[in-house]
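Structural overview for review
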Amino acid sequence: MRFDQLKLTYRILQPKGADVGILAPRVTINRKRIGAGIAIDPVAFCQSVRSAGEHFIFTCGCGVPGCARIYRGVIVLHAPDSIRWFMPEPIREPMEEDPSPAAPDNRWVYREYRFRLVAYRKALADALSQALSLAESNSRPVEIGPYGFSIRKLKALARRLQ
Ligand SMILES: [Zn+2]
């Protein structure tokens, strides 16, 4: 069976004139960027390792998915060795709604991905420890999205994944 390759990495953005850095996530599946410019909820991501169901892994920077017009989460299914994603595409509704009543309501699809469980868990654990070391070694304070998320919470999350 062929598995899809998930990778989550972080980097620090340093906006001009701002006195804090921003820890920005980057998700790729099979080396293709997914959800560019959309925040990641690390708690929901970690929950998807343990429990099946709908997870709002992609969210608004404030932590409320609907605020970024994200109305459908990633549907996660578990098998003994694998995790399947049914990812809504587009992840969020277009910002400019088509005002035409004739516009179809179902312009989105669920795309299926299948990840090896150990690889999925490792991708996540690696990303969290990378985020932690970036945040801790940065010369200025770092904001970790979504809003209200802290280094302390990130540490606790990383520990639980070990
Ligand atoms: Zn928001």
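**Structural notes on the overall build of the protein**
Each helix and strand counted, the protein has 3 helices and 10 strands in total. Secondary structure elements in the protein, listed N-terminal to C-terminal, are β-β-β-β-α-β-β-β-β-β-α-β-α. The globule rule puts the C-alpha radius of gyration for 162 residues at 15 Å, and the 16 Å found for the protein is close to it. Going through the 162 residues of the protein one by one, you find that 29% of them count as buried. Put simply, 55% of the contacts in the protein that link residues at least 6 apart link residues at least 24 apart.

**Overview of the environment of Ile-40**
Tracing the backbone shows Ile-40 in strand β4 (residues 39-40). Residue class for Ile-40 comes out buried when judged on the 24 C-beta atoms lying within 10 Å of it. Counting along the chain gives 16 residues from Ile-40 to Ala-24, while the straight-line C-alpha distance between them is 8.7 Å. Beyond its immediate sequence surroundings of up to four residues, Ile-40 is in contact with Pro-25, Val-27, Phe-45, Ile-57 and Phe-58.

**Re the sheet that holds strand β5 (residues 53-55)**
Spatially, the 4 strands line up as an open sheet ordered β5-β7-β8-β9, and their pairing is antiparallel. Each edge of the open sheet is held by one strand with a lone partner, namely β5 and β9 (109-116). Strand-to-strand twist in this sheet, taken as the mean axis angle between neighbours without regard to direction, amounts to 30°. Here 8 bridges tie strand β8 (residues 82-89) to β9, and the two strands are oriented antiparallel to one another. Looking at β9, one finds that Phe-86 is bridged to Glu-112. Taken strand by strand, helix α2 (residues 117-137) contacts β8 and β9, and its axis lies near 95° from that of β9.

Calculation criteria
- Residues numbered from 1 in each chain as written.
- Predicted model: local features only at pLDDT ≥ 70, side-chain atom pairs only at ≥ 80, totals over all residues.
- Helix = DSSP H or I, 4+ residues; strand = E, 2+ residues; numbered from the N terminus.
- Rg over C-alpha atoms; globule rule 2.2 N^0.38 Å.
- Buried ≥ 20, exposed ≤ 12 C-beta atoms within 10 Å, placed from the backbone.
- Contact = placed C-beta atoms within 7 Å.
- Pairing = 2+ DSSP bridges.
- Axes fitted to C-alpha atoms, helices over the stretch in contact; angles between N-to-C directions.

Any functional reading would require information that these geometric values do not contain.
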